[in-house]
Amino acid sequence: RPDYDYTDGIELHIFELNGKAEATVYGTDTNIKLKVKAERKENRIFVSLDTVPEGARVILRNIHSVKSVDGAAYTDTPLGICLEINNKEISVDL
């Protein structure tokens, strides 16, 4: 059995989001540790988390420029925009 927290430093990748997507992360004890929802409305992406894990990141795959981001620090990486999560609610204006 792993003796670490699955959500610590978690990196979630979002590919070609059109509409809504959800993800749930379970711990080794089968309890829910994290729920994430993402939604794209025209040129905006909204990401919500039920908790903010230490070092959590969301990668917007193949998106390399944004107009603004609220709720997270961000950088462009070879994979796409990397959101350094520091809030439960994030909005990205593409």
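Residues numbered from 1 in each chain as written. Predicted model: local features only at pLDDT ≥ 70, side-chain atom pairs only at ≥ 80, totals over all residues. Heavy atoms only, no water.

### Concerning the sheet that holds strand β3 (residues 32-41)
Link 1 in the chain: Taking strand neighbours across the sheet as the criterion, the 5 strands line up as β2-β3-β4-β9-β6 in an open arrangement whose pairing is antiparallel. In this open sheet, the two strands that pair with only one neighbour each are β2 (20-26) and β6 (68-70). Ignoring which end each strand starts from, the neighbouring axes of this sheet average 10° apart.
Link 2 in the chain: Relative to strand β9 (residues 89-93), β6 runs antiparallel, the two sharing 3 bridges. Following the sheet pairing, Asp 70 is matched in β9 by Ser 91. (Pairing = 2+ DSSP bridges. Helix = DSSP H or I, 4+ residues; strand = E, 2+ residues; numbered from the N terminus. Axes fitted to C-alpha atoms, helices over the stretch in contact; angles between N-to-C directions.)

### Regarding the sheet that holds strand β8 (residues 80-85)
Link 1 in the chain: On the basis of which strands lie adjacent, the open sheet formed by 4 strands has the order β1-β5-β8-β7 and mixed pairing. The sheet terminates laterally at β1 (11-14) and β7 (72-77), the two strands that pair on one side only. Going across the sheet, the axis of each strand differs from the next one's by a mean of 20°, ignoring polarity.
Link 2 in the chain: When strand β5 (residues 57-61) meets β8, the two strands line up antiparallel, connected through 5 bridges. Of the residues in β8, the one forming a bridge with Arg 61 is Gly 80.

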